[in-house]
Amino acid sequence: MTISDMLAKNAVAYTDETALIEIKPSESKRHEITWKMLDDRANKIANALIQRGISKGDRVIHLMMNSINWLEVYFGIIRTGAWAVPLNFRFASKDIKYCADISQAKAIFFGEEFIERLAAIRSQLDTVNSFIFSGQNIPADTESLEDILVSSSAKPTGVSLAADDACGLYFTSGTTGQPKPILLSHKNMEFAAVVESQHHYQQHDDNFILLPPLYHTGAKMHWFGSLITGGKATLLREIKPRYIFEAVARERGTIVWLLVPWAMDILEALDRGELKKEDYDLSCWRLMHIGAQPVPASLIKRWKRYFPDMQYDTNYGLSESTGPGCIHLGIENEHKVGAIGKAGYNWQVRIVDNDGNNVAREEIGEIIIKGDGTMKEYYKNPSKTAESIRDGWLYTGDMAKMDEDGFIYFIDRKKDVVITGGENIFPIEIEEILLSHPAVYDAAIIGIPNERLGEIPIAIVAPKPDTSLTEEAVMAFCEDNLPKYKRPRHIILDKVPRNPTGKIEKTKLRVKYSQYQTGN
């Protein structure tokens, strides 16, 4: 059953029940839609695209901020048999053009936030025939989403969708260079929905508070757990600690997936007394889960002090595995906080050396995975595909170790390991120690080329507000808590840049602090 079939099934089984709620707190706006309305509008968008020449195997770019419209458009695209091409909302004009050129897109849906970025490159998008706009103040030579819905049929398209058909072209965030296009199938999407519902015991009466960007596989594939069970979800369009608590309390949210920065913000607001649990009825909130980047164990221990009875889970995944879930901790394994868990539902996981052989327990190796969530390919890049998928195993580029109980501990990205004088230094280990300092809000460790040692680690540290943290104090803390070879050679007090899914943008930091290259 494809995710398109899941939507159609919900429209029959839960016709007039709420599917999605959209909230914009700063404007006191709230909008909801039923499963039948969502299904009908997706069909109308699909039929409108078919009328405009879109057919099976074509590509349609999807450049919108989180909204109900986002999901309507997504299902409309895949119901034509075309591939949805969701783009990162931070992409600049040149990135959008790059993705349009690679995908050879025939149509683009876009929102108000992207008018200027598209205007700058519109004349260069040779393959794009249709520009469809969601919002007010429609640009010239552009169709309105609402206008095309008025004249389109809500009947199913009749397009046959097979499990192995491609349906999504996902470009990585581009933090390590040009975005890589990852091709996913209907089978991948269906598998993600099953995995999510299994991992988090999702039921029809759950309400998933959806915060991360929908263009990313993580957010949407977590929502697929709601889709397969017919449970409602609440799209919160603005993210502040107070808004999250208000959404949970007012909409009776049961599940919230947080990124590390948002969890940090909530805890800091609680610590400062700006946010008070007793001001909100959060008794409905049963599960907080987290992922998309390494999660410091110290963060979860702080969280559990405030929410001792709340269920907790962490998920590991990547776009190449159709988002999260190939490894997950499991609600029942909170005693293993710090681990990313074991193989997810119907996934296989191994930790291997450079020759593809399993390493011993407690030894560090590369995570490789196998399951129905594995991408079809890196689009138009057969050599990269062959390098990454070998004998059905996806090589993730992530380093980890497995303990005697079979739980996996994420060590670091293979490319982020700093090799100093022949010694491997794993930045995440140092970052977690820095985050345990009471005045540190965020931290990043990067390697900088060094003539004598090859590389040296330096630390970028963001102090908590209203603290008087100094570089000298951070260095002294490192001297007390780290062996000499692991200590950062320089401490820089600055903001730590993270992308929309919470990952530290280390490439930007390496460029910004290249002047710290030294022969010492």
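Predicted model, so just to flag it, every value in this text is computed and none were measured. (Residues numbered from 1 in each chain as written. Predicted model: local features only at pLDDT ≥ 70, side-chain atom pairs only at ≥ 80, totals over all residues. Heavy atoms only, no water.)

Overview of the side chain of K304
1) Next: Checked against the element boundaries, K304 lands in helix α11 (residues 297–306).
2) Next: The class of K304 is buried, set by a relative accessible area of 18%.
3) Next: In this structure the side chain of K304 is engaged in a polar contact, spanning 3.0 Å, whose partner is the side chain of E334.
4) Next: Beyond its immediate chain neighbours, meaning those up to four positions away, K304 contacts M310 and E334. (Helix = DSSP H or I, 4+ residues; strand = E, 2+ residues; numbered from the N terminus. Buried < 20%, exposed > 50% of the residue type's maximum accessible area, 1.4 Å probe, protein only. Polar contact = N/O pair within 3.5 Å; in protein donor to acceptor, adjacent residues only side chain to side chain. Contact = heavy atoms within 4.5 Å.)

Quick look at the pattern of salt bridges
1) Next: In this structure the tally under the stated criterion is 32 salt bridges.
2) Next: Residue K24 pairs with E27 through a salt bridge whose shortest N-O separation is 3.4 Å.
3) Next: Its relative accessible area of 39% is what places E27 among the partly exposed residues.
4) Next: Among the ionic pairs, E274 bridges to R272, the shortest N-O distance being 2.8 Å.
5) Next: You can call E274 exposed: its relative accessible area is 58%. (Salt bridge = Lys/Arg side-chain N within 4 Å of Asp/Glu carboxyl O.)

Points about the packing of helix α7 (residues 186–199) against helix α8 (residues 217–229)
1) Next: Close contact between α7 and α8 brings their axes to 7 Å; oriented N to C, the two are set at 80°. Looking at the two axes, α7 sits roughly perpendicular to α8. Across the interface between the two elements, M189, A192, A193, V194, E196 and S197 from α7 touch M221, H222, F224, G225, I228 and T229 from α8.
2) Next: Split into classes, the residues belonging to the contact of α7 with α8 amount to seven nonpolar, four polar and one charged. (Axes fitted to C-alpha atoms, helices over the stretch in contact; angles between N-to-C directions. Parallel < 35°, antiparallel > 145°, perpendicular 65-115°, else oblique. Nonpolar A, V, L, I, M, F, W, Y, C, P; charged D, E, K, R; others polar.)

Some points on the pairing of strand β15 (residues 323–328)
1) Next: With six of six residues buried, β15 is to be regarded as a mostly interior element.
2) Next: As paired strands, strand β14 (residues 311–318) and β15 are joined by four bridges and run antiparallel to one another. Its bridge partner lying in β15, G317 is registered against P324.
3) Next: With antiparallel pairing between neighbouring strands as the criterion, β14 and β15 make up a hairpin whose turn holds four residues, including T322 at a positive phi of roughly 55°.
4) Next: As defined by bridge partners, β15 adjoins strand β16 (residues 342–343) across two bridges and the pair is classed as antiparallel. When the bridges of β16 are listed, H328 appears paired with K342. (Pairing = 2+ DSSP bridges.)

A short note on the sheet that holds strand β2 (residues 29–34)
Across a sheet, paired strands are connected by hydrogen bonds in the backbone, their directions being either parallel or antiparallel.
1) Next: Taken together, the nine strands give an open sheet; going across it, the order is β2-β1-β11-β10-β12-β13-β14-β15-β16, and neighbouring strands pair in mixed fashion. The sheet terminates laterally at β2 and β16, the two strands that pair on one side only.
2) Next: Relative to strand β12 (residues 255–258), strand β10 (residues 207–210) runs parallel, the two sharing two bridges. Paired with F208 across the two strands is I255, which belongs to β12.
3) Next: The sheet strands contacting helix α9 (residues 241–251) are β1 (18–24), β2, β10, β11 (232–236) and β12, and the helix crosses β11 at an angle near 150°.

Observations regarding the nonpolar core
1) Next: Y74, F109, W223, F224, L258 and W303 are the most contacted members of the largest nonpolar core, which has 128 residues in total.
2) Next: Leave out the neighbours within four places in its chain, and W303 touches L258, A263, I266, L267, W285, M288 and M310. (Core = buried A, V, L, I, M, F, W, Y, C linked by side-chain atoms within 4.5 Å.)

Section: the environment of K276
1) Next: By the element assignment, K276 lies in the loop between α10 (260–272) and β13 (287–291).
2) Next: The class of K276 is partly exposed, set by a relative accessible area of 41%.
3) Next: With 34 residues separating them along the chain, K276 and R242 place their C-alpha atoms 9.2 Å apart.

Examining the packing of α9 against α10
1) Next: Running from N to C, α9 and α10 point in directions that differ by 95°, and their axes come no closer than 9 Å. It follows that α9 is roughly perpendicular to α10 by the angle criterion. For the pair α9 and α10, the contacting residues are P241, I244 and F245 in the first and D265, I266, A269 and L270 in the second.
2) Next: A breakdown of the residues in the contact of α9 with α10 according to their chemical character gives six nonpolar, no polar and one charged.

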